[in-house]
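Summary of the model geometry
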Amino acid sequence: MDLQTYGYTDEFATRFDELALSACIPGRVIADYGGYLRVVTPEEVEAEIAGSLQHESENYLLPKVGDFVALEKGSGNKATIRAVLARKSEIDRKAAGTGNHRQVLAANVDVAFVVQALDHDFSPMRLERYMYQLRQSNIEPIFIFNKADKAYDSDEKIASIASLGIPSIVASATSGVGIEEIQGYIKNGATAVFLGSSGVGKSTLTNRLLGTDQQKTAAIRERDSTGRHTTSHRELFLLPGGGMIIDTPGIRELQLWGEEEFLAKSFGDIEELALRCEFNNCSHTKELNCAVLGAVKGGMLSPARLESYLKFKQELKAQAYSAASLSAKQKKQRARRLKKAIQLDEKLKDDGELY
Ligand SMILES: Nc1nc2c(ncn2[C@@H]2O[C@H](COP(=O)(O)OP(=O)(O)OP(=O)(O)O)[C@@H](O)[C@H]2O)c(=O)[nH]1
Ligand SMILES: [Mg+2]
Ligand SMILES: [Zn+2]
């Protein structure tokens, strides 16, 4: 086995060579435990982040699961990460809690599966959130509707999001339905990730793809049918059927990270309609000659989709405002404080995510 099996391409090799760190070898981060990371070279080592790297970089630039890194071997299976190779892609969100900082959920991902459970978790608005966020990173989402064995109205639910135009897989991790279809989307050398709320079955699906029970899974609370945050760190696994999967801890809320302009990637239809509104600052909420509201009235646009769009727009605007209102010096100070805060935050189990 070699690092190519883990998705290391000529492009990354060039980036590694450009660093000219002669004492280092390339590796890929497969797990993040906060204090240390597990990295494959493809031999597995336990790595710490070099102090200089930690000091110079904002949190989102530090090594995350999926990153290719330059590391220096120490004694035994210990190593130090000296640099992170420029990413091919990254999945961002606004970090949970207060403040305005970017958190990277996974790096160098090719395929993102957004998992929802058909029995209780189904939410079109949440799907749209993921869709927006992933498209911003040029990663095409694929929806997985799991626990099909427990749902009676799956066809109806899936029909309700058909207009989003995203490929959907109906699955049951317990019976094995849909597993082959999922694997079919993960080519050799490609990296996929499971994203979604706690308890939807991400780890059960991971185990199915692996063919072994490597990931711990746990029953959801009967009382409110929510998950228990069983998975507490992100981890990348090599799949016997080819490619890799990253299992992630459940996310309570995906707060958007990015720029308003990118909304067009997911809501191009609405932005096109908006060009025909009477006022170019139309809020599409109450204006008389609003083409967007006209489309809702005429049944061409669902009110729920417009609601998502307006909500996302507002969220992103607030974020941009908060970023712009800081002076350069404030930004620097804040970045330093935030870096500390985010490290704390990530340990605060905001969504079951320990690291
Ligand atoms: N009936 C049914 N139960 C499932 C299915 N998939 C998973 N489960 C059950 O749902 C519960 C939660 O599954 P997990 O795989 O731990 O969920 P998770 O998404 O990894 O949760 P977190 O790690 O907390 O984010 C477990 O009891 C699983 O056995 C399915 O397709 N059908
Ligand atoms: Mg899990
Ligand atoms: Zn309008």
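Residues numbered from 1 in each chain as written. Chains lettered and ligands numbered in written order. Predicted model: local features only at pLDDT ≥ 70, side-chain atom pairs only at ≥ 80, totals over all residues. Heavy atoms only, no water.

1. Re the overall build of the chain
Assigned secondary structure in the chain consists of 10 helices and 13 strands. The proportion of buried residues among the 355 residues of the chain is 52%. Only carbon and sulfur atoms are counted for the fraction: they give 51% of the accessible area of the chain, which is about 17,200 Å². (Helix = DSSP H or I, 4+ residues; strand = E, 2+ residues; numbered from the N terminus. Buried < 20%, exposed > 50% of the residue type's maximum accessible area, 1.4 Å probe, protein only. Areas by Shrake-Rupley, 256 points an atom, 1.4 Å probe, with all protein chains shown as cover.)

2. Side note on the coordination of the magnesium ion (ligand 2)
Protein ligation of the magnesium ion (ligand 2) involves Ser203 (OG) and Thr231 (OG1), the donor distances falling in the range 2.0 to 2.1 Å. Note that Ser203 is positioned in helix α6 (residues 202-210) and Thr231 in the loop between α6 and β12 (235-238), a separation of 28 residues in sequence. The residues Ser203 and Thr231 share a single accessibility class, namely buried. (Donors = N, O, S within 2.8 Å, 3.2 Å for Na, K, Ca; no water.)

3. Section: the site of ligand 1
Near ligand 1 lie 23 residues; those nearest to it are Asp149, Ser198, Lys202, Thr204 and Thr231. Between Val200 and ligand 1, the recorded distance is 3.3 Å, taken from a backbone N or O atom to an oxygen atom. When ligand 1 is considered free in solution it has 660 Å² of accessible area, and contact with the protein chains removes 90% of it. By residue class, the composition of the shell around ligand 1 is 5 nonpolar, 14 polar and 4 charged. (Near = heavy atom within 4 Å. Polar contact = N/O pair within 3.5 Å; in protein donor to acceptor, adjacent residues only side chain to side chain. Nonpolar A, V, L, I, M, F, W, Y, C, P; charged D, E, K, R; others polar.)

4. Describing the packing of aromatic side chains
Scanning the entire structure with this criterion turns up 9 aromatic pairs. Centre to centre, the rings of Tyr8 and Phe68 are 5.5 Å apart; their planes meet at 50°, and the pair counts as tilted. Note that Tyr8 is positioned in the segment before α1 (10-19) and Phe68 in strand β4 (residues 68-73), a separation of 60 residues in sequence. Their ring planes at 55° and their centres at 5.4 Å tell us that Phe267 and Tyr309 sit as a pair that is tilted. (Phe/Tyr/Trp six-rings, centres within 6.5 Å; stacked < 30°, edge-to-face > 60°.)

5. Section: the coordination of the zinc ion (ligand 3)
At this site the zinc ion (ligand 3) is bound by Cys277 (SG), Cys282 (SG), His284 (ND1) and Cys290 (SG), with donor distances of 2.1 to 2.4 Å. Note that the zinc ion (ligand 3) binds 4 donor atoms; their angles at the metal cover 104 to 116°, and the shape is tetrahedral. Look at where the donors of the zinc ion (ligand 3) fall in the sequence and you get C-x4-C-x1-H-x5-C. Considered together, Cys277 and His284 belong to a single accessibility category, that of buried residues. (Tetrahedral: all angles 85-135°; square planar, octahedral: opposite > 155°, others 65-115°.)

6. Let's talk about the pairing of strand β8 (residues 111-117)
Among the 7 residues in β8, 7 count as buried, and that is most of the element. Residues Val111, Phe113, Val115 and Ala117 point to one face of β8 and Ala112, Val114 and Gln116 to the other, with burial holding for every one of them. Note: β8 against strand β9 (residues 141-146), 6 bridges, orientation parallel. Bridge assignment links Ala117 to a residue of β9, and that residue is Asn146. A crossover links β8 with its parallel partner β9, the connecting element being helix α3 (residues 124-136), and its sense is right-handed. (Pairing = 2+ DSSP bridges. Right-handed = clockwise from strand over helix to strand, strands pointing away.)

7. Some words on the side chain of Lys94
In this structure, Lys94 sits in strand β6 (residues 90-94). When residues no more than four places from it in sequence are discounted, the contact partners of Lys94 are Gly99, Asn100, His101, Gln255, Leu256, Trp257 and Gln319. (Contact = heavy atoms within 4.5 Å.)

8. Some points on the confidence of the model for the chain
Put simply, the chain has an average pLDDT of 89, and 90% of its residues get 70 or more. In the model, residues 345-350 has pLDDT below 50 throughout and makes 15 contacts with residues more than four positions away in sequence or in other chains. (pLDDT = per-residue confidence, 0-100.)

9. A short note on the side chain of Glu90
Along the polypeptide, Glu90 turns up in strand β6. Looking at Glu90, its side chain comes within polar contact range of the side chain of Arg87, at 2.9 Å. In this view, Glu90 contacts Arg102, Val104, Ala106, Ala107, Ser137 and Ile139; residues no more than four positions away in its chain are not counted.

10. Examining unusual backbone geometry
What is expected of a backbone is that most residues other than glycine have negative phi and most peptide bonds are trans. Omega for the peptide link from Thr41 to Pro42 comes to 20°, which places this bond in the cis form. Among the secondary structure elements, Pro42 is positioned in the loop between β2 (37-40) and β3 (44-49). Positive phi outside glycine occurs at Ala20, with the angle close to 50°. Residue position: Ala20 is located in the loop between α1 and β1 (25-32). Overall, the relative accessible area of 61% leaves Ala20 in the exposed class.

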